[in-house]
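# Fold and geometry: a report
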Amino acid sequence: MRTFAFLLLTALSGLSQAGQLAVPLPGGMLAYKQVESVRERRFANLVEQKTDFSCGAASLATILRQAYDLDVDEEFVIKGMLVKADPNLVRTQGFSMLDMKVYLESIGMRARGYRIPPSSLEKLAVPVIVLLDVRGYKHFVVLQRTYKGHMYIGDPVLGHKRYTQEDFLKGWNGIIFAIIGPGYDKANALLRPPEPLTAKDRLNAFYPVKDAELMDFGFIQSDFL
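Residues numbered from 1 in each chain as written. Predicted model: local features only at pLDDT ≥ 70, side-chain atom pairs only at ≥ 80, totals over all residues. Heavy atoms only, no water.

## Points about the packing of helix H4 (residues 74–82) against helix H6 (residues 97–106)
- In contact at an axis separation of 9 Å, H4 and H6 are set at 95° when each is read in the N-to-C sense. Overall, the two elements H4 and H6 adopt an arrangement that is roughly perpendicular. Judged by residue contacts, Phe76, Val77, Gly80 and Met81 of H4 engage Asp99, Met100 and Tyr103 from H6. (Axes fitted to C-alpha atoms, helices over the stretch in contact; angles between N-to-C directions. Helix = DSSP H or I, 4+ residues; strand = E, 2+ residues; numbered from the N terminus. Parallel < 35°, antiparallel > 145°, perpendicular 65-115°, else oblique. Contact = heavy atoms within 4.5 Å.)

## Remarks on the pattern of salt bridges
- Taken as a whole, this structure holds eight salt bridges when the rule is applied.
- In this structure, the salt-bridge partner of Glu105 is Lys101, at a minimum N-O distance of 2.6 Å. In this pair, Glu105 and Lys101 are both assigned in helix H6, four residues apart and thus about one turn of the helix distant.
- On the accessibility criterion, Lys101 (31% relative accessible area) is partly exposed. (Salt bridge = Lys/Arg side-chain N within 4 Å of Asp/Glu carboxyl O. Buried < 20%, exposed > 50% of the residue type's maximum accessible area, 1.4 Å probe, protein only.)

## Here's the deal with the nonpolar core
- Counting 56 residues, the largest nonpolar core has Leu60, Leu64, Tyr68, Val130, Leu143, Phe168 and Ile179 as its most contacted members.
- Those elements that place two or more of their residues in this core are helix H3 (55–68), H4, H6, strand S3 (110–115), strand S4 (128–134), strand S5 (137–147), strand S6 (150–155) and strand S8 (172–180).
- Residue contributions to this core peak at nine residues, all from H3.
- Residues contacting Val130, with those up to four places away along its chain left out, are His139, Phe140, Val141, Leu143, Phe168, Trp172, Ile175 and Ile176. (Core = buried A, V, L, I, M, F, W, Y, C linked by side-chain atoms within 4.5 Å.)

## Focus on the packing of aromatic side chains
- This model, assessed by the stated rule, comprises five aromatic pairs.
- With centroids separated by 5.8 Å and ring planes inclined at 20°, the aromatic side chains of Phe219 and Phe224 adopt a geometry described as stacked.
- Owing to a relative accessible area of 3%, Phe219 belongs among the buried residues under this scheme.
- Counting every residue linked through ring pairs, the aromatic cluster contains Tyr68, Tyr184, Phe219 and Phe224. (Phe/Tyr/Trp six-rings, centres within 6.5 Å; stacked < 30°, edge-to-face > 60°.)

In structure tokens, the structure reads:
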């Protein structure tokens, strides 16, 4: 028993940091299992915000990476938006939806903002950027999907979060910002957010949306060719 306990402690303290956990087996053998830290799970498929003013850039980079398979990061998007944006204004107020729209058009994509009623949130078929008011602080996040009255959010500061629709509506301004262009992955990872570690029920299986549904958000037929 002491030998088993020693091997288990050794495995937990050493090998788990490398992404693998060594599990002792009878006879002194080890079995290796891939593990994921809580932090890795929290930011899986998300671009983490590195500066005070870059929540918009990080949210935009998240969608471009996951939904369009573009090799961009937060810094790359910041530099791209600063080509047209006012640096002084950005330092005090952060990037705006207009800054994001201008940047997307500069790389051959389109962006559309929609004001929608809360009743339409369940119909969202693509990940979108939304602006939340968090205790007076304006913060861009990715709204990944909605399910059974819950909003699954990719927050560039806090990682994956799940809110009730009631709590979400307290800070949401009623606008969604959709990114549109060729190469969209209808089965992208943002539409399958990880469950909260305390979740008792599982998300329903995700099925890729149809082209006709995407066209409701501003896509055109040539985007799918």
